[in-house]
Amino acid sequence: MTFDIRQLDGLDYDEVEPLLEDYIIDVINEFLETEIGNTHATQYPEGGFWIGTFIEMAYNYGEFTLPKMTKGDVQIVMENIIPRKLTLLDPSEAEDAIPELVAFWTFLKQEYKLRSAGAIAKYLTSIQDKFAGWMFDPARGGIAKNFMMQGMQAGYDMTNQSDVEVFQAEYNQRIQADPQNNSLIPTEPTVPMTAPPPDVQQFLDLMGVELPEVGEQVNPAELLNKIMDAADQMADLLDATDPTSNKRSGNMLRSLRTDLMSASLDEDLSLSEQDITLLKTLTINENHSGTILKDFQTLLDFIGPAGRAVSGKRQQFSIKDLAELNQQLSTPIDIDLKRPAQKSYPPIHGLYLLLRATGIVKTEAQGKKQYLVLNPPVYDLWQQLNPTERYCTLLEAWLIRGHGEMLGEERRGHLTEGNRCIQSWYKIVEKKKHTFNQKRSAQDSFNYYPGIHNLALMEMFGLLNITTGKPEAGKGWRIKSIEALPLGTPIINLVKNAYLENDMSWPSEVDPSVPYDELQDTFQPYFPEWQKTLVLPSSEFRTDRHIFKVSLGKIWRRIAVSGEATLADLSAYILSSVEFDSDHLDSFTYTNEMGRKVEVLHPYADGGFFSAEESLHTDEVKIGSLPLSEGSVMEYLFDFGDCWRFQVQLEKIEPAPNPTQSKPTKKKAKRKKATVGEILEVHGESPEQYPAHEDEW
């Protein structure tokens, strides 16, 4: 066998993530080339789905690899992970699952001599009559899956966006009316957290509820109580919002934010004479007004001229670098985790947010690794700022431009970190001091809102004081108490006033390159030393030829386009390469220099959460203006109904080829207009754009 079955063993998640799809495809192909695979394919010609699903979920939710998998691991996958994560529309869809997996593990035993393969195949055979029932067992489904199942049982088409939204509204009203009698909650005291459907997640984002990590054990009743507490704060929003509406304008976004923050913005935001005196006499340097300037400079020095290698998926610091950096900060924290991630160090996680929001760093590929490096033009400007200008710039980066997407939190919706901090400040100051008991779980109410990394930033900015304790065994940072400092409320009130004065909307939401002066008008009367602002230089336009690898499942195309071409031109080449009619809307999504997702829409598409005037359109955005480096990936979505999702990876940028110079002849008096691109390679047969169904006529 030429396939390396053990290639994923010993790698961390970020190393496995870019390899997993090809690994699954290759191992399925190996399986199909054997006699066992051939025999199975004869009976089940459309096989492969369950093998791929099994491998993917086993790794993503258990980090189990095939060679090291035991019978017990497979039981977890089959009896827990797959029933909770995967939703089927009918029990018949599970009929081929066990035969396919039994054949696959028999193949692994025969060809690769895996130690547990025989026992696993025997176990899988024993659950043939049980598995379909598990897939539709509410007790195994978790909150997200039960939501989908109840929707289907109520007669809604849960594969249809509008039906999901209508059922979501019905569900929201039901749990508000009687939260204790909610059949979505499994009967177990704790269950592993599963990812909710996108629309449920969007609703939770708007309420400001950050869910636990997928796989983490949670008490459903406690989680629902948190959701209901947040729902009580936004009852007016629920009454005013029509979830079936397709209107998504900038006014709606501002309305949502205003409603969500109404409790805090209805307070008296005026500053007392004592507050004004405090602000105007405040000394800002590395030794006063918190440790933010000192710690941020420590982080910049840590990255240094050479940069730091970061993970491929979230582009965050390695375990080794985290431990070293933590010790260099003003107040190192104590954790007891064997494999901590960046978010396990909330102060570092918060500082990383500021790094991305300011644009002082950027990511670039060096060989096969991603590096976080200083962005020279921005860093040079940063060094020219005085301490007050640096403090205010970082404050704006945090509370105006900071977003969970910069931290790899794709589920954070449209709320900024500022929305979360401002809305939760009233909760912090409602008590003189919040003291938590010996168990770390007591601080969980702040995990979701505003987030522990935001509490760490509040301390670094001098807004509150945190007293820490020794962590529990196997646990992260434990906070014993938090207490607001005198500077906190005046600073937060100034930011609140700026929000109101700007109608909850900031130019940087549409154009992140605007100068860092969005808080300046409000703050400058109290901080007159804030004169210069940080400006992000525009990306250099590249006219060069861009080579993209465009993938759709197993098939892929290589396409070259000029930097002068638009995204609309690129979409035309993509559709032509798979022989699709261009009779539907489309969009491109990429990540900008600050780590935010940017969506570029078809000219006729709805403008998302921004108004049509603020939206980016594919016929206006040129390839050469995209903030992409070699290795960067965009998503191309074609047909918002059938949702064909293409992965578009920039492989390289090369000089445009010089056209052959030739003298015009009588037969060729006019030079033919140059094309902006070409399809270089075609691999795999194009799918049917409109596959026929048996019930069609």
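Residues numbered from 1 in each chain as written. Predicted model: local features only at pLDDT ≥ 70, side-chain atom pairs only at ≥ 80, totals over all residues. Heavy atoms only, no water.

*Asks:* Quick question: what am I supposed to make of the overall build of the chain here?
*Replies:* From N to C terminus, the chain includes 26 helices and 16 strands. The buried share of the chain, taken over its 697 residues, is 49%. Across the chain, every contact between residues at least 6 apart in sequence was considered, and the portion connecting residues at least 24 apart equals 67%. Of the roughly 33600 Å² that the chain leaves accessible, carbon and sulfur atoms contribute 48%. (Helix = DSSP H or I, 4+ residues; strand = E, 2+ residues; numbered from the N terminus. Buried < 20%, exposed > 50% of the residue type's maximum accessible area, 1.4 Å probe, protein only. Contact = heavy atoms within 4.5 Å. Areas by Shrake-Rupley, 256 points an atom, 1.4 Å probe, with all protein chains shown as cover.)

*Asks:* Help me out: how do you make sense of the sheet that holds strand β3 (residues 308–310) in this one?
*Replies:* Adjacent strands of a sheet form backbone hydrogen bonds with each other and so pair up, either parallel or antiparallel. With respect to topology, three strands assemble into an open sheet ordered β3-β5-β4, the strand pairing being antiparallel. Edge positions in the open sheet fall to β3 and β4 (361–366), since each of these has one partner strand only. Direction aside, neighbouring strands of the sheet carry axes that sit 40 degrees apart on average. By the bridge criterion, six bridges tie β4 to strand β5 (residues 369–374) in an arrangement that is antiparallel. Along β5, the bridge assignment pairs V361 with L374. (Pairing = 2+ DSSP bridges. Axes fitted to C-alpha atoms, helices over the stretch in contact; angles between N-to-C directions.)

*Asks:* It is not clear to me how the nonpolar core should be interpreted in this structure. Could you clarify?
*Replies:* In summary, soluble globular proteins display a tendency toward joint burial of nonpolar side chains. Ranked by size, the top nonpolar core spans 80 residues in total, and within it I292, F317, W398, L455, F461 and L463 carry the most contacts. The element best represented in this core is helix α20 (residues 387–401), accounting for eight residues. Apart from the residues lying within four places of it in its own chain, the contact partners of L463 are Y391, W398, W425, M458, A484, L485, L487, G488, I491 and I492. Among the nonpolar cores identified, the runner-up in size contains 49 residues, and L8, I51, L88 and A117 belong to it. (Core = buried A, V, L, I, M, F, W, Y, C linked by side-chain atoms within 4.5 Å.)

*Asks:* Whenever I open this one, the environment of A565 confuses me. Can you help?
*Replies:* Position of A565 relative to the elements: it lies in the loop between β10 (555–562) and α26 (567–577). Its relative accessible area of 0% is what places A565 among the buried residues. Expressed as a C-alpha distance, the spacing of A565 and H546, which sit 19 residues apart in the sequence, is 9.8 Å. Ignoring anything within four residues of it in the chain, the contact list for A565 reads V621, K622, I623 and V676.

*Asks:* Explain the pairing of β10 to me, please; I cannot follow it from the model alone.
*Replies:* Buried residues dominate β10, accounting for seven of its eight residues. Across eight bridges, strand β9 (residues 545–552) lies against β10 in antiparallel orientation. Across the sheet, R545 pairs through a bridge with S562, a residue of β10. Between β9 and β10, which follow one another and run antiparallel, lie two residues, and G553 among them has a positive phi close to 65 degrees.

*Asks:* Honestly, the packing of helix α16 (residues 292–303) against helix α17 (residues 319–328) in this entry has me stumped. Any pointers?
*Replies:* Geometry of a packed helix pair, given as the angle between the helix axes and the separation of the axes. One can describe the packing of α16 onto α17 by two numbers: an axis separation of 10 Å at closest approach and a directional angle of 140 degrees. In terms of axis orientation, α16 runs oblique to α17. At the point where α16 passes α17, the crossing takes the right-handed sense. Contacts between α16 and α17 involve T298, L299 and F302 on the former and, on the latter, D321, E324, L325 and Q328. Split by residue class, the contact of α16 with α17 holds three nonpolar, two polar and two charged. (Parallel < 35°, antiparallel > 145°, perpendicular 65-115°, else oblique. Left-handed = near helix turned anticlockwise from the far one by under 90°. Nonpolar A, V, L, I, M, F, W, Y, C, P; charged D, E, K, R; others polar.)

*Asks:* For this particular structure, what's the right way to read the environment of F461?
*Replies:* Mapped onto the elements of the fold, F461 is located in the loop between α23 (452–460) and β7 (464–469). The class for F461 is buried, based on a relative accessible area of 0%.

*Asks:* Please clarify how unusual backbone geometry should be interpreted in this entry.
*Replies:* Most peptide bonds are trans, and most residues other than glycine sit at a negative phi. Phi is positive for E63, which is not a glycine, with a value near 55 degrees. Unlike most non-glycine residues, E579 shows phi in positive territory, near 60 degrees. Assignment of secondary structure puts E579 in the loop between α26 and β11 (586–591). Overall, the relative accessible area of 67% leaves E579 in the exposed class.

*Asks:* I tried to follow helix α1 (residues 13–32) on my own but got confused; where do I start?
*Replies:* With 20 residues, α1 extends 27 Å from end C-alpha to end C-alpha; this agrees with the ideal 28 Å at 1.5 Å per step. Taken as a whole, α1 carries its principal kink of about 50 degrees at L19. When α1 is considered as a whole, its buried residues turn out to be V16, L20, Y23, I24, I25, V27, I28, E30 and F31. Where the residues of α1 are buried, they touch α2 (35–43), α3 (49–62) and α5 (97–112). (Expected span 1.5 Å × (residues − 1). Bend = angle between axes of the 7 residues up to and from the residue.)

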